[in-house]
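What follows is each chain in one-letter form.
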Amino acid sequence: MDIAAWLRGLDLGQYEAAFRDNDIEAAVLPELTTEDLISIGVTSVGHRRKLLSAIAALRAAGAPPDLTPPTAPSGSPLPHPPLPGLVTGITGETRAGAEAERRQLTIMFCDLVGSTPLATRLDPEDLRDVIGAYHRAVAEVIGSFDGFVAKYMGDGVLAYFGYPRAHEDDAERAVRAGLALLAAVPRLKLVAEVGLQVRIGIATGLVVVGDLTGSGEAQERGVVGETPNLAARLQSLAQPGTVVIAPSTRRLTGGHFDYSELGGVALKGFDEPVSAWQVLAERAVESRFEAQHEIGLTPLIGREEELELLRRRWRQAEEGDGRVLLLLGEAGIGKSRLTRALLDGLAGEPHLRLRYFCSPHRRNSALFPVISQLEHAAGFLRDDTAEQKRDKLDAVLARAAAEP
């Protein structure tokens, strides 16, 4: 496959050098994400959407070597190739035309508030521009968290997290995307002065996903189960400018956010009241591990040898023989749990502990772990003003220097 020709076919030949300089070949192309495109210099939102749509078409078609962008009768490329649904296997690789599969998804319904009155106030072409800008903003935000926009329903958007690619933190990604949408949509620059707001419902659970429904441009990958119905009901319950989540999502997001419990709410189609939470904001957590396990930890079993090694290195450090340890292992194998066990054993001994945590959601924020640690040390609160934060920084830095 000729990448340069493919880009020229999309009228995006200006990115040939960027793709070439970053060694993007045919085998790599179907795996590109929004973050990848930003990192190589595709700063235009419209260009990124066009590329992502074309890349999705490549994935669905299996990306044969001679594949070129679809063309209109005039010979010019179609401006927006279709975004077909994809299905992944256990390995996470996409497979065209695969069978529907059972898997856990986090599903988001996002609704534009007040679209009916908006339609009565605006010229149809202006309304089209407003809805188009809203759809593009939603797609951009959801794509940045590796979510999948499954369907546009007028002023509503249905999105999946965990399909076609699953992550261990899909519920957290969905909630972060929801909060980002609450902030992004009101800031849209539109042809008409309208204050846009959204309301969002999110639920997590087992579904069957992948069945093709509809035909032609209306064809989509359907999802079957209780979860989409619950997400839709929670969205209708949400107030403008809020995110409401199901108990299943609340359990998976742990202490990463601040919540307001709404109690048991009666929802149409559900026999029993359903517990619901409104997500207020991201919580400034010192440790992602503790945030994920805020309810409690299971006993540590079978790690006596590793824990004893850590303790011996601590004793050597106490005696003045400094030590550095690298704890390496697959995700979820228990690295943070083992470290927590060591710290629990040192609770009664004098020591200074500094902890820095990286996050996949902060990959574009330089020095985020250092900034986060300083914010915790200074005791920043979410509602602090800039002046209050400065005073707190002065206070914490005064402990280390005469003139902070």
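Conventions adopted
Residues numbered from 1 in each chain as written. Predicted model: local features only at pLDDT ≥ 70, side-chain atom pairs only at ≥ 80, totals over all residues. Heavy atoms only, no water. Axes fitted to C-alpha atoms, helices over the stretch in contact; angles between N-to-C directions. Helix = DSSP H or I, 4+ residues; strand = E, 2+ residues; numbered from the N terminus. Left-handed = near helix turned anticlockwise from the far one by under 90°. Contact = heavy atoms within 4.5 Å. Nonpolar A, V, L, I, M, F, W, Y, C, P; charged D, E, K, R; others polar. Buried < 20%, exposed > 50% of the residue type's maximum accessible area, 1.4 Å probe, protein only. Pairing = 2+ DSSP bridges. Core = buried A, V, L, I, M, F, W, Y, C linked by side-chain atoms within 4.5 Å. Phe/Tyr/Trp six-rings, centres within 6.5 Å; stacked < 30°, edge-to-face > 60°. Lys NZ or Arg CZ within 6 Å of the ring centre and 35° of its normal. Parallel < 35°, antiparallel > 145°, perpendicular 65-115°, else oblique. Expected span 1.5 Å × (residues − 1). Patch = residues over 30% accessible without salt bridge, like charges linked within 9 Å, V, L, I, M, F, W, Y side chains within 5 Å. Areas by Shrake-Rupley, 256 points an atom, 1.4 Å probe, with all protein chains shown as cover. Salt bridge = Lys/Arg side-chain N within 4 Å of Asp/Glu carboxyl O. pLDDT = per-residue confidence, 0-100.

S.K.: When you look at the packing of helix H6 (residues 124-144) against helix H7 (residues 170-184) in this model, what are you seeing that I'm missing?
M.R.: Between H6 and H7, the least distance of the axes is 9 Å, while the angle of their chain directions is 145°. Seen from above, H6 lies across H7 with right-handed handedness. Between H6, through Ala-137, Val-138 and Val-141, and H7, the contact on the second element is made entirely by Ala-177, Ala-180, Leu-181 and Ala-184. Each residue belonging to the contact of H6 with H7 can be placed in one class, and the counts come to seven nonpolar, no polar and no charged.

S.K.: Any chance you could explain helix H13 (residues 368-378) here in plain terms?
M.R.: Every α-helical turn comprises 3.6 residues, leaving residues that sit three or four positions apart pointing alike. The complete set of buried residues in H13 reads Phe-368, Pro-369, Ser-372, Gln-373 and Ala-378. Positive backbone phi, at 75°, marks Gly-379, one or two positions downstream of H13.

S.K.: What is the right way to read the pairing of strand S3 (residues 101-112) from this model?
M.R.: Residues in a regular strand point their side chains to alternate faces of the sheet. Counted residue by residue, S3 has ten buried out of twelve residues, so it is predominantly covered. As paired strands, S3 and strand S5 (residues 156-161) are joined by six bridges and run antiparallel to one another. Bridged to Cys-110 within S5 is Val-157.

S.K.: How do you make sense of the nonpolar core when you look at a structure like this?
M.R.: Grouped burial of nonpolar side chains is what soluble globular proteins tend to show. Residues Met-108, Cys-110 and Ile-200 are the most contacted members of the largest nonpolar core, which totals 37 residues. Counting only elements with at least two residues in this core, the list comes to S3, H6, S5, H7, strand S6 (198-213), strand S8 (243-245), strand S9 (257-265) and strand S10 (274-282). For this core, the leading source of residues is H6, giving eight residues. If sequence neighbours within four positions are ignored, Ile-200 has contacts with Met-108, Phe-109, Cys-110, Gly-178, Leu-181, Leu-182, Gln-235, Ala-238, Thr-242, Val-243 and Val-244. Formed by 23 residues, the second largest nonpolar core is a distinct cluster that contains Tyr-160, Ala-231, Leu-267 and Phe-270.

S.K.: Just checking my understanding: could you explain unusual backbone geometry for this structure?
M.R.: Where the residue is not glycine, phi is negative for most of them; where a peptide bond is considered, it is trans in most cases. The linkage connecting Tyr-163 with the following residue, Pro-164, adopts the cis geometry, with an omega of 0°. Residues other than glycine seldom take positive phi values, yet Asp-11 does so here, at roughly 60°. When you line up the elements, Asp-11 lands in the loop between helix H1 (3-9) and helix H2 (16-21). With a phi angle near 55°, Asp-23 is a residue other than glycine that sits in the positive phi range. Assignment of secondary structure puts Asp-23 in the loop between H2 and helix H3 (34-39).

S.K.: How should the packing of aromatic side chains be read in this particular structure?
M.R.: This structure, assessed with the given rule, holds four aromatic pairs. Three or more aromatic residues link up through ring pairs in this structure, and these residues are Phe-148, Tyr-160 and Tyr-163. The ring centre of Tyr-259 lies 4.0 Å from the NZ or CZ of Arg-250, which sits over that ring.

S.K.: Honestly, the packing of helix H11 (residues 304-318) against helix H12 (residues 335-345) in this entry has me stumped. Any pointers?
M.R.: Two quantities define a packed helix pair, namely the angle between the axes and the distance from one axis to the other. Their axes nearest at 10 Å, the elements H11 and H12 cross at an angle of 50°. On the basis of their axis angle, the class for H11 and H12 is oblique. Along this stretch, H11 crosses H12, giving a crossing that reads as right-handed. Counted together, Glu-306, Leu-307, Leu-310 and Arg-311 of H11 and Leu-338, Ala-341 and Leu-342 of H12 form the full contact between these two elements.

S.K.: I tried to follow H7 on my own but got confused; where do I start?
M.R.: Counted at 1.5 Å a residue, the expected span for H7 with its 15 residues is 21 Å, and the 20 Å between its end C-alpha atoms agrees. Most of H7 is tucked away: 13 of the 15 residues are buried.

S.K.: What exactly am I supposed to notice about a nonpolar patch on the surface here?
M.R.: A cluster of nonpolar side chains, contributed by Leu-352, Leu-354, Tyr-356, Leu-367, Val-370, Ile-371 and Leu-374, occupies part of the molecular surface with about 700 Å² of accessible area. With respect to the helices, strands and loops of the structure, Leu-354 is situated in the loop between H12 and H13.

S.K.: When you look at the confidence of the model for the chain in this model, what are you seeing that I'm missing?
M.R.: Caution is warranted with low-pLDDT regions, since their predicted coordinates should not be read in detail. When pLDDT is averaged along the chain, the result is 80, and 82% of the positions lie at 70 or above. Least confident of the elements in the chain is strand S1 (residues 87-88), whose mean pLDDT is 33; most confident is S8, at 96. Throughout residues 63-98 the model reports pLDDT below 50, and contacts reaching past four residues in sequence, or to other chains, amount to 65 contacts.

S.K.: Help me understand the pattern of salt bridges, please; the structure alone is not making it clear to me.
M.R.: A side chain with one charge can pair with a side chain of the opposite charge if their charged atoms come near. Inspection of the entire model under this criterion finds 17 salt bridges. In this structure, Glu-31 engages Arg-165 in a salt bridge whose closest nitrogen and oxygen atoms are separated by 3.1 Å. Of this pair, Glu-31 sits in the loop between H2 and H3 while Arg-165 sits in the loop between S5 and H7, and the two are 134 residues apart along the sequence. Owing to a relative accessible area of 41%, Glu-31 belongs among the partly exposed residues under this scheme. Note that Glu-140 and Arg-48 form a salt bridge whose closest N and O atoms lie 2.5 Å from each other.

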